[in-house]
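What follows is the residue order along each chain.
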2 protein chains.
Amino acid sequence: MSARVFINEVAPRDGFQIERDFVPTAAKIALIDDLSPLGFAKIEATSFTSPKAIPNLADAAEVMTGIQRQPGVDYVALIPNEKGVERALACGTDELNFVMSASDSHGRANLRMTANQSLERFEHMVALADGHNVFINASISTAFGCPFEGEVRPERVLEIVARAQARGIQGVTLCDTTGMANPRQVASLCAEALSRYPDMALTLHLHNTRGMGLANAFAGYEVGVMRFDAALGGLGGCPFAPGASGNVCTEDLVHMFEQMGVHTGVDLERLLGVAEQLPTLVGHDVPGQVVKAGTSQRRYPLPDAIG
Amino acid sequence: MSARVFINEVAPRDGFQIERDFVPTAAKIALIDDLSPLGFAKIEATSFTSPKAIPNLADAAEVMTGIQRQPGVDYVALIPNEKGVERALACGTDELNFVMSASDSHGRANLRMTANQSLERFEHMVALADGHNVFINASISTAFGCPFEGEVRPERVLEIVARAQARGIQGVTLCDTTGMANPRQVASLCAEALSRYPDMALTLHLHNTRGMGLANAFAGYEVGVMRFDAALGGLGGCPFAPGASGNVCTEDLVHMFEQMGVHTGVDLERLLGVAEQLPTLVGHDVPGQVVKAGTSQRRYPLPDAIG
């Protein structure tokens, strides 16, 4: 177990992409600029995808070029295809986060590609980025289960990691896209991935769909995972799991780690200040807990009756 | 780690006691009767406390004598004092759950007693129960932190456990009364308590105030805790932590353990059926997640577009 973890804030991409109302470009930029000085390792700022597929992120280039880059923070964009690579590179994106699904039915539904087709495509996408100084990550959706197929075999996921690595991918994110993972499963798959591919930067992307988000993060941490995606306020979710909670909430995750004595680098107090503004920005309540309850350090005055 | 855990359903006591509206006695009895056949080890049915202190549980005797006892289930009552012992014994309660606070300021605020005073009182209360065939447990509030004082030293909690055992208490529940605990702390204190007092039945009582409820349950499980309190729907909370989530949600906890391959004895599908009725019973939404999202086994039809 490390005494340090690295947080990738994904709300601007994974959160805003499914909001009912378009978040204005200026508001997106302002939020990222508020988050940038708080100590995140990475901020996933947008996705260079088709505006038809995700209208909410049609302003990807404006966002990526409009933000104030903070030294030490890597600005990430989700990339579904070659065109996305070109658009992201043109904006000076620090990290390209390719996306694929471990399960073919989810891949077809979400990206119109099987896992094999995605991996072939990755080869061309990596080639396009060659010579640019970018980190290339691949997010593997449904790594812990598929809402259509059910179980996704760990061996299949591990094989995808190996094949991604062979194609020049430098990091992989194992995504519990619809919150199906449990702590034992997270511990088992992550321990195996870390042991087999020690050179591959491994990130966990967790959802709190069934309340297990922080339990899964703790389980991953315990077997050596040091990188975590999380979304401010617990924004996000999955169109295939309606009614469910969203991503693991950044401020709740940071709070848990800091309480455990694990350094996140993130300024929690300032983060909570930003999180407090989120319901106003998106126009609805969000699932985060710490912003409502205060941190574990919060003290209450003694009731009057007893002095 | 055991492949079996035991769940104590506490919503009828810890949940209903802080509801704004009195839950009618018949509805309390009906809920307990619905829960009784589902496989719980225990159900905390009520508290034999002063009706002035907790008006919502003024019907303790009616509830305890009105329910249909299921063989194999222990029906528990929370007991603050000698009078409570007498009332509970008169109703044939299976287990008396004495309550005290590890921190003196919380003890004074909640019970008008310091930890020392509570432990002295326990001696008389145990004596009163002598000769009756009842199990005697003590719930230690603020075992992981006090909303007034902050840190509660682990050594203080462990000493309380020892002194409770010396007074004839057969089981202790370490309570994270206001959801201040983190997984590392839970693992550490529980491991130490299990190691020092192997003959003492240890239960964890967790709140999800800051989103860490299931993470703490997993952490406790990993070091050998086999008994967990939980409340249907995640009802409950603490008057000293307003705005916060309540107890760890029973159906979410059972779901997590069953997904991990850990047997709870509880019929999750039927439990979810009961949980679905809870918002109607209490007149408000409740925090439970699995009842909204479905279990991790839930499958979705493929989107039409891709057949």
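Each chain carries its own residue numbering, running from 1 in the direction its sequence is written. Ligands are numbered from 1 and chains lettered from A, in the order in which they are written. This being a predicted model, a pLDDT of at least 70 is required before a residue's local features are given, and a value of 80 or more before pairs of side-chain atoms are given or counted; all residues contribute to the totals for chains, interfaces and linings. With hydrogens and water stripped out, all remaining heavy atoms of the structure feed into the side-chain values.

Chain A is annotated in an unreviewed UniProt entry as Hydroxymethylglutaryl-CoA lyase protein of Salinisphaera shabanensis E1L3A. What UniProt states about chain A under its Sequence similarities (unreviewed entry) heading is, verbatim, "Belongs to the HMG-CoA lyase family." UniProt positions are given in the numbering used here, feature names are shortened, and annotations may be inferred rather than shown by experiment.

## Here we look at the side chain of A:Asn182
Numbering of helices and strands runs from the N terminus, with a helix taken as a DSSP run of H or I at least four residues long and a strand as a DSSP run of E at least two residues long. Relative to the helices and strands, A:Asn182 resides in the loop between strand 6 (171-175) and helix 8 (183-196). We call two N or O atoms a polar contact when they sit within 3.5 Å, provided that within protein one can donate a hydrogen and the other can accept it, with sequence-adjacent residues counted only if both atoms are side-chain atoms. For A:Asn182, the side chain forms a polar contact with the main-chain nitrogen of A:Arg184, separated by 3.0 Å. Contacts are residue-level and defined by heavy atoms, with any inter-residue pair within 4.5 Å sufficient. For A:Asn182, the contacting residues outside a window of four places in its chain are A:Met212, A:Asn216, B:Met256, B:Gln259 and B:Met260.

## Overview of the relation of the copies chain A and chain B
When the copies are overlaid, the least-squares fit takes in C-alpha atoms only where the residue has pLDDT of at least 70 in both copies. The two copies are related by a screw motion: chain A maps onto chain B through a turn of 180 degrees and a shift of 0.0 Å along the axis, at an RMSD of 0.0 Å. These values place the two chain copies in the arrangement generated by a two-fold rotation axis. It is A:Ala215 whose C-alpha, among those of chain A, lies nearest the rotation axis, at 1.8 Å. Mapped onto chain B, 100% of the interface residues of chain A are again interface residues, and the two copies thus contact each other with one and the same surface.

## Considering the nonpolar core
A:Phe98, A:Leu174, B:Phe98 and B:Leu174 are the most contacted members of the largest nonpolar core, which totals 198 residues. In this structure A:Phe98 touches A:Ile79, A:Val85, A:Phe122, A:Met125, A:Val126, A:Ile136, A:Asn137, A:Ala138, A:Ser139 and A:Ile169, once residues within four positions along its chain are discounted. Joining through side-chain atoms within 4.5 Å is the link that ties buried Ala, Val, Leu, Ile, Met, Phe, Trp, Tyr and Cys residues into a set, and such a set is a nonpolar core. Burial classes follow relative accessibility: with a 1.4 Å probe on protein chains only, a residue under 20% of its type's maximum area counts as buried, one over 50% as exposed, and anything between as partly exposed.

## A look at the sheet that holds strand 8 (residues 227-230) of chain A
In any sheet, the strands associate via hydrogen bonds between backbone groups, in a parallel or an antiparallel arrangement. Residue and element names in this part refer to chain A. In this scheme, strands are said to pair when DSSP sees at least two bridges between them. Here eight strands make up a closed barrel; going around it, the order is 1-2-3-4-5-6-7-8 and the pairing parallel. Neighbouring strand axes in the sheet, compared pairwise and without regard to direction, differ in orientation by 25 degrees on average. Alignment of strand 6 against strand 7 (residues 201-205), held across five bridges, turns out to be parallel. Across the sheet, the residue bridging to Val 172 is Leu 202, located in strand 7. Each axis is a line fitted through C-alpha atoms, and for a helix only the stretch in contact is used; angles between axes span 0 to 180 degrees, taken between their N-to-C directions. In the packing of helix 4 (residues 82-90) onto the sheet, the strands contacted are strand 3 (74-79) and strand 4 (95-101), and the crossing angle to strand 4 comes to about 160 degrees.

## Description of the interface of chain A and chain B
Contacts between chain A and chain B engage 55 residues on the former and 55 residues on the latter. It is A:Arg184, A:Arg210 and A:Tyr300 in chain A that bury the most area against chain B; as a group they hold 18% of the surface buried on that side. The rule for a salt bridge is simple: a side-chain nitrogen of Lys or Arg has to be within 4 Å of a carboxyl oxygen of Asp or Glu. The interface formed by chain A and chain B includes zero salt bridges. At the level of secondary structure, the elements contributing two or more residues to the side of chain A that touches chain B comprise helix 5 (104-111), helix 8, helix 9 (213-222), helix 10 (250-259) and helix 12 (290-293) of chain A. Here the side of chain A that touches chain B gets six residues from one element, more than from any other, and that element is helix 9 of chain A. Two parts placed together each lose some accessible area under a 1.4 Å probe, and adding up what both lose gives the buried area.

## Description of the side chain of B:Ser47
Residues and elements named next belong to chain B. One can find Ser 47 in strand 2 (residues 42-47). Assessed through its relative accessible area of 1%, Ser 47 is described here as buried. Polar side-chain contacts of Ser 47 include one of 3.2 Å to the backbone oxygen of Leu 78. In this structure Ser 47 touches Arg 13, Leu 57, Ala 60 and Leu 78, once residues within four positions along its chain are discounted.

## Some remarks on the sheet that holds strand 5 (residues 135-141) of chain B
All names here are of chain B. Strand order in the closed barrel made by the eight strands is 1-2-3-4-5-6-7-8, with parallel pairing throughout. Each neighbouring strand pair of the sheet contributes to a mean axis angle of 25 degrees, computed without reference to strand direction. Note: strand 2 against strand 3 (residues 74-79), five bridges, orientation parallel. Within strand 3, the residue paired with Glu 44 across the bridge is Val 76. Where helix 7 (residues 154-166) meets the sheet, it contacts strand 4 (95-101), strand 5 and strand 6 (171-175), and its direction lies at approximately 155 degrees from that of strand 6.

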